[in-house]
Amino acid sequence: AIASSVPAAMALPAEGDVIISPNVMLVFNFAMSLGELLAPYTIGLCFAQGWYGAFTACTVMMSLAVAGATAVARCTLVPN
């Protein structure tokens, strides 16, 4: 799953005028690894409790997190 997200993580900041540094790539890799670890576990716990809308809710929350992280990166990492 990480193979499909790494090219997107490297292309999106360049399109948004965000400088890609080793620290930025470290944060990207950490966030992708954490998401791949927690998302299936969280959805599985929700399914075990009978909440079958968990997949939709998790997808919406992850989309909002990505949009927020992109906005923060654009505001803080774009050269003035």
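Procedures and definitions
- Residues numbered from 1 in each chain as written.
- Predicted model: local features only at pLDDT ≥ 70, side-chain atom pairs only at ≥ 80, totals over all residues.
- Heavy atoms only, no water.
- Helix = DSSP H or I, 4+ residues; strand = E, 2+ residues; numbered from the N terminus.
- Contact = heavy atoms within 4.5 Å.
- Areas by Shrake-Rupley, 256 points an atom, 1.4 Å probe, with all protein chains shown as cover.
- Patch = residues over 30% accessible without salt bridge, like charges linked within 9 Å, V, L, I, M, F, W, Y side chains within 5 Å.
- Salt bridge = Lys/Arg side-chain N within 4 Å of Asp/Glu carboxyl O.
- Buried < 20%, exposed > 50% of the residue type's maximum accessible area, 1.4 Å probe, protein only.
- Expected span 1.5 Å × (residues − 1).
- pLDDT = per-residue confidence, 0-100.

Overview of the overall build of the protein chain
Move 1: A count of helices and strands for the protein chain gives three helices and zero strands.
Move 2: Ordering the α and β elements of the protein chain from the N terminus gives α-α-α.
Move 3: Within the protein chain, contacts between residues separated by at least 24 positions form 56% of all contacts whose residues are at least 6 apart in sequence.
Move 4: Accessible surface, the protein chain as shown: approximately 5,800 Å² in total, 74% of it carbon and sulfur.

Quick look at the environment of Ala 39
Move 1: Within the secondary structure layout, Ala 39 lies in helix α2 (residues 22-48).
Move 2: A C-alpha to C-alpha distance of 7.4 Å links Ala 39 and Cys 58, two positions 19 residues apart in sequence.

Notes on a nonpolar patch on the surface
Move 1: A surface patch of nonpolar side chains, amounting to about 400 Å² of accessible area, comprises Phe 30, Leu 34, Leu 37 and Leu 38.
Move 2: Tracing the backbone through its elements, the reader meets Leu 37 in helix α2.
Move 3: Looking at Leu 37, the relative accessible area reads 57%, which means it is exposed.

Comments concerning α2
Move 1: For α2, which comprises 27 residues, the first-to-last C-alpha distance of 39 Å matches the rise-based estimate of 39 Å (1.5 Å per residue) to within 8%.
Move 2: Burial in α2 covers these residues: Val 24, Met 25, Met 32, Ala 39, Ile 43 and Cys 46.
Move 3: Taken from the residues just after α2, Gly 50 is the one with a positive phi, measuring 90°.

As for the confidence of the model for the protein chain
Move 1: Residues of the protein chain with pLDDT of at least 70 account for 74%, and the chain-wide mean is 76.
Move 2: Mean pLDDT per element in the protein chain: helix α1 (residues 2-15) is the minimum at 64, and α2 is the maximum at 82.

Some remarks on the environment of Gly 53
Move 1: As for its position among the elements, Gly 53 is in the loop between α2 and α3 (54-77).
Move 2: According to the relative accessible area criterion, Gly 53 is partly exposed, its value standing at 32%.
Move 3: Spatially, the C-alpha atom of Gly 53 lies 9.3 Å from that of Ile 43, the residues being 10 residues apart in sequence.

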